[in-house]
Amino acid sequence: MDYVFFFFLSIRKGFLGPPRKLMDLTSWVIIPFLFGSIGIYGLVRLLRRLRSSAYIQDAVVVITGATSGLGKECAKVFYKAGAQLVLCGRNEEGLKDLINELCRIRKGSVQGSYSLARDSDESHTAILGTAPGTEERSVRLHVFLCDRTLQSECRQQRRVLPCDTHPSLAQFHKPHIVIFDLSDVEAVANAAKEILQLVGKVDILINNAGISYRGTILNTKVSVDRMIMDTNYFGPVALTKALLPSMIKNKRGHIVAISSVQGKISIPFRSAYSASKHATQAFCDCLRAEMVPHDIAVTVVSPGYIQTNLSLNAVTDDGSRYGVMDKNTAEGRTPEEVARIVFRAVGERSKDVLVAGLVPTLAVYLRALAPKIFFSIMAARAKKERKFKDA
């Protein structure tokens, strides 16, 4: 009996021993490892963010389709980061309104700095100065000089310092506007010359402008297909080719194409739009490989539905305006959110970014891995939409 007792006792100790040792291992090794990994991950993200800010600050950024929607929000994000903007579009009034918004962002930044300086040290002296390069020359902004020696020198010489000496204004550049129609290839060439005359160089080109389409292939006029391709493909390609030599000469450049999920998969009744985005994707893939020796980065951002007027301004099979806000568009991502993703992708020099929900992302992979299933799903979707339109 004693032997049996000791036998079962040893078995019990054998089973209880390892879990206790495992708990000790978890406490002393795994948990510190997890916290250390989280810390390293946070540090890497911080370093990426700092590098992105340094990459974009003072860079000359050209944005097409900047009048509204995603282009407008990209302009705000890049402006706040200290980029020098060239805003392009067809609507001059819309671009001027955007510049006024950017000026309000700049003034708000100065006012915020004014309050911070006043709270931090009430003995600082405020000197009035006129901001050079502003549209409203009569606007006078408070400039705070934190260096007391510089303050005393200014009092003695009765000098007025320009607003650019203020750190909050140093990061802001005066935006420029260039008006042209992207579907006119000759106008694009002239616009590229004007851009280079204004700013001398281009560091980042964001091809954002585009037009959408709704219609059946059978009823769509070839002229409509050509118009979509001119705006979404040939125009951006012409602008890219016109600015590339300058980028290569300066040994710095970044081409950004705002494509679409429909540049990776095609859905029914979007043939012209999807074809233009597929062409854009293919062009950028080739361009990326060819520009490696010149260190020119190429980024393709492919968003899903965004809450913009894209569906409202879409054209139909006869070229008329669609004028309907689709449900998917109304429920899509906000342009502010996508603009931040574009900003991060540019700062990190990402090559290809898919900005979509779970279902569109699965559809992209399904098209590549199980095309027969994907084709069946698209056929069912086309049948459903056709019934809905007939009804």
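For the structure itself, consult the block above.
The shown structure was predicted, so the numbers you read here are calculated from the model rather than taken from an experiment.

(A) Region of interest: a nonpolar patch on the surface. On the surface, a nonpolar cluster with roughly 340 Å² of combined accessible area is contributed by Leu-358, Val-359 and Leu-362. Along the polypeptide, Leu-362 turns up in helix H11 (residues 358-369).

(B) Focus on the sheet that holds strand E8 (residues 296-303). On the basis of which strands lie adjacent, the open sheet formed by 7 strands has the order E5-E2-E1-E6-E7-E8-E9 and parallel pairing. The sheet is open, and its two borders are formed by strand E5 (176-179) and strand E9 (352-355), each paired with just one other strand. With strand direction ignored, the average angle separating the axes of adjacent strands in the sheet is 15°. Note: strand E2 (residues 84-89) against E5, 4 bridges, orientation parallel. By the bridge assignment for E5, Gly-89 is matched with Ile-179. Helix-sheet contacts for helix H8 (residues 271-290) involve strand E7 (253-258), E8 and E9, and the interaxial angle to E8 is about 155°. Contacts from helix H10 (residues 335-347) reach strand E6 (204-207), E7, E8 and E9 within the one sheet, and its direction differs from that of E8 by about 155°.

(C) Main features of the environment of Asp-326. Within the secondary structure layout, Asp-326 lies in the loop between E8 and helix H9 (327-330). Its relative accessible area of 12% is what places Asp-326 among the buried residues. Along the chain, Asp-326 and Ser-311 lie 15 residues apart, while their C-alpha atoms are 6.4 Å from each other. If near-sequence neighbours (up to four positions away) are discounted, Asp-326 is found in contact with Arg-214, Arg-270 and Ser-311.

Cut-off values and rules
- Residues numbered from 1 in each chain as written.
- Predicted model: local features only at pLDDT ≥ 70, side-chain atom pairs only at ≥ 80, totals over all residues.
- Heavy atoms only, no water.
- Patch = residues over 30% accessible without salt bridge, like charges linked within 9 Å, V, L, I, M, F, W, Y side chains within 5 Å.
- Areas by Shrake-Rupley, 256 points an atom, 1.4 Å probe, with all protein chains shown as cover.
- Salt bridge = Lys/Arg side-chain N within 4 Å of Asp/Glu carboxyl O.
- Helix = DSSP H or I, 4+ residues; strand = E, 2+ residues; numbered from the N terminus.
- Pairing = 2+ DSSP bridges.
- Axes fitted to C-alpha atoms, helices over the stretch in contact; angles between N-to-C directions.
- Contact = heavy atoms within 4.5 Å.
- Buried < 20%, exposed > 50% of the residue type's maximum accessible area, 1.4 Å probe, protein only.

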